[in-house]
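# Observations on chain architecture
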Amino acid sequence: MDPASSADHAPKSGGVVGAPPAHQLKSWPTVAIAAAAVCLVSWLVASTLGIGLVDDSYIFLRFAENFASGNGPVFNIGERVEGYSSPLWMVLLTIVTASGVDPVAAAGTLSGILGFCLPILILISLGQKSVYHFVAALVAGTFLASHPRAAFWSWSGMDTALFASLCLLTLVLVCRPSQPDPRNAVLAGLAFAFSALARPEALAYLPAYLLYLVASDSGPARRRLQVAIGFLAPMILVGASFVVRKIYYGVWLPNTYYAKADVDRMVLVANGAEYLLSFLSANFVPIILLTALLVVALLRRETPRASWILLLALVLTAMATTVSLGGDHFPLHRFLLPALVVISYGLARGFGEVTRWFPSLSGFGGVVLAAVLILLLGVSNFRLTGQSAPDAQAQIMMAERWSEVGRWFHDYAEPHATMASLVVGAIPYYSGLDCIDLLGLTDATVAREGPVYREGAVGHQRYHTDYVLSRRPTYIVFNQSGLYDEPSSEIGLQHAYALWDILQDPRTTDSYDLRTVRMNNGKVVQFLELIDQG
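Everything quoted here is computed from the prediction, not taken from an experiment. (Residues numbered from 1 in each chain as written. Predicted model: local features only at pLDDT ≥ 70, side-chain atom pairs only at ≥ 80, totals over all residues. Heavy atoms only, no water.)

Our next topic: the pattern of salt bridges. As enumerated under the stated definition, the model contains 12 salt bridges in all. Two residues, R454 and D264, come together in a salt bridge whose shortest N-O distance is 2.7 Å. Highlighted residues: R454 in the loop between α20 (444-449) and α21 (465-471) and D264 in the loop between α13 (255-261) and α14 (265-282), separated in sequence by 190 residues. Residue classification places R454 among the partly exposed positions, given a relative accessible area of 46%. (Salt bridge = Lys/Arg side-chain N within 4 Å of Asp/Glu carboxyl O. Helix = DSSP H or I, 4+ residues; strand = E, 2+ residues; numbered from the N terminus. Buried < 20%, exposed > 50% of the residue type's maximum accessible area, 1.4 Å probe, protein only.)

Written out as structure tokens, the structure reads:
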């Protein structure tokens, strides 16, 4: 939505002096075939990494299962705690669960389809102006589709692809090649509101969008106000979600926020900075290319600058927000997928304008440039895929084996038994037992009252041994359960300090017996079982 760029957006027969004809592309079948091709690329890369749910996706599924069964959006029946970070994804999975289809399979499929939307949106929004723009959108879309971060998280059953798709849709609608108008602003605002319901950190992008919408409109002040109001109007949905949260859960913010609220801010920033540096190192090729395009766009006078400044602001906001949150304990940079999506969109837009900026590249030079870009981005993703495969496969493997542990507890546990665990995805989901989250993400008391272990990984810093032992769970499950063929006494403090602290407490020795059981698949389950003192 860049009014100053009408010459840029509307193809002309003459165009810029010395530039080639626009060769406008209007073939929907061509775009459809290209979209199918990039989706196939995405699926092939995901298959190389491994397609499957990660453990945290089962947290959403447990909330959805309870909600669909009429017990409310809760983790443990009767305990109103919002232990999820994406209300929209939880609602979508609730609808899927209530429909009667297999929720586990549906979660992976739905997130995979949303992942397909990412390169398709780039192709549709930027690939139809001309043959040059189509090639540029295809190159950038294929880069995003083949990126191992995007491909893996798209099939993880998590909210990641939903959030990234809505972020990209918002960007596409805001930057539509038309004069700003309230109706288009409402559509963009609706996409933005849904992105904020998918992940609350989307709200950090609001200032950048509002400034762009107002500053890029050269019309009268009244129209600018109408555009701003139109964009903000759908935010009533976000406001309503806060009211519903307060009424149902009794607090204004998700429990996941309180789990990090008292963690030392410098510790979070240090962890987040390390997370960001890892992302920058892994993606230096596309970042350098986008930086070069950005510099050229800002230096050329005839190039509308507002939309490029918006792209820069969105990328920097995504990075800053991620740093402030401390990054993530998961590998493969899921929190920075929105930044990667904006980078890909910027590459598509910039590559498409190169022949206008430099008319000499419209012939054979353009073919050479396209080949070089494909080579650079292809080698970058190929290298990154090889590096990412072990981490991706490990996440899927752990979720599958913890699923087996959950099924084992379902058969082993007595009626009305309870458990406490660091692993609160697949094990509680398949066991069906009430579960105390030792890390507090789904437990209000641990999240709001538990001490903080400063050296712990992000999301693994809370613990509350007194509270857990006072609840007298029937089983306290070791996080290495189901992963090994033999018992393991190793407990990593960075991720399992909450369990380690329980094991050091003399009350644990007095009240619990250590159990080690081999499942039918040969893997060992390790847990503490409450001694019957009746």
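Approximately 840 Å³ is the volume found for the largest pocket. For the largest pocket, the lining is made up of 37 residues, of which S85, R199, T256, Y257 and K260 are closest to its centre. Of all elements in the fold, only α3 (57-68), α9 (182-198), α12 (236-249), α13 and α14 reach the threshold of two or more residues within the lining of the largest pocket. When the residues that make up the lining of the largest pocket are grouped by side-chain class, the tally is 20 nonpolar, nine polar and eight charged. Computed from the structure, the second largest pocket encloses a volume of approximately 720 Å³. Along the walls of the second largest pocket sit 29 residues, with M398, W402, H460, N479 and H495 positioned nearest its centre. Looking at the lining of the second largest pocket, the elements that each hand over two or more residues are α18 (364-412) and α22 (493-504). When residues of the lining of the second largest pocket are assigned to their parent elements, the largest contribution, five residues, is made by α18. Tallied by class, the residues present in the lining of the second largest pocket amount to 16 nonpolar, nine polar and four charged. (1 Å grid on protein atoms, 1.4 Å probe; cavity = no way out; pocket = protein on both sides within 12 Å on 5 of 7 lines; lining within 4 Å. Points joined across faces, edges and corners; volume = space filled by probe spheres on them. Nonpolar A, V, L, I, M, F, W, Y, C, P; charged D, E, K, R; others polar.)

What follows deals with unusual backbone geometry. Unlike most non-glycine residues, L332 shows phi in positive territory, near 75 degrees. When you line up the elements, L332 lands in the loop between α16 (306-324) and α17 (337-357).

The next subject is the environment of T94. Along the chain, T94 turns up in helix α4 (residues 87-98). For T94 and N283, which are 189 residues apart along the polypeptide, the C-alpha to C-alpha distance reads 35 Å. With near-sequence residues (within four places) excluded, T94 lies in contact with A64, F67 and A68. (Contact = heavy atoms within 4.5 Å.)

So, about helix α5 (residues 103-126). Given a rise of 1.5 Å per residue, 24 residues ought to cover 34 Å, and the 35 Å separating the end C-alpha atoms of α5 matches this to within 8%. The largest bend along α5 reaches roughly 30 degrees and is located at P119. If you check the start of α5, you find a side-chain oxygen 3.2 Å away from the backbone N of V104, and it comes from D102. (Expected span 1.5 Å × (residues − 1). Bend = angle between axes of the 7 residues up to and from the residue. Polar contact = N/O pair within 3.5 Å; in protein donor to acceptor, adjacent residues only side chain to side chain.)

On to the side chain of D55, then. Relative to the helices and strands, D55 is located in the loop between α2 (28-49) and α3. Side-chain polar atoms of D55 contact the backbone nitrogen of A426, separated by 2.9 Å. Apart from residues lying up to four places away in sequence, D55 is in contact with A399, W402, V423, V424, G425 and A426.

This brings us to the environment of A161. As for its position among the elements, A161 is in helix α8 (residues 160-174). Take A161: its relative accessible area is 1%, and that puts it in the buried class. The spacing of A161 and I113 is 48 residues in sequence and 8.6 Å in space, taken between C-alpha atoms. Discounting chain neighbours no more than four positions away, the residues touching A161 are S111, L114, G115 and S154.

What follows is about the sheet that holds strand β4 (residues 512-518). Overall, mixed pairing links the five strands, which are arranged β2-β1-β3-β5-β4 in an open sheet. Pairing within the sheet leaves two strands with one partner each, and these edge strands are β2 (434-437) and β4. Pairs of neighbouring strands in the sheet enclose a mean axial angle of 30 degrees, with direction left out of account. For strand β1 (residues 418-421) and β2, the ladder comprises four bridges, and the chain directions are parallel. (Pairing = 2+ DSSP bridges. Axes fitted to C-alpha atoms, helices over the stretch in contact; angles between N-to-C directions.)

Now for the packing of α9 against helix α11 (residues 221-232). Taken N-terminus to C-terminus, the directions of α9 and α11 make an angle of 30 degrees; their axes are 6 Å apart at the nearest point. One way to sum up the angle between α9 and α11 is to call them roughly parallel. The hand of the α9/α11 crossing is right-handed. On α11, the residues touching P182, A185, V186, A188, G189 and F192 of α9 are Q226, V227, G230 and F231. Among the residues making up the contact of α9 with α11, the classes are represented as seven nonpolar, three polar and no charged. (Parallel < 35°, antiparallel > 145°, perpendicular 65-115°, else oblique. Left-handed = near helix turned anticlockwise from the far one by under 90°.)

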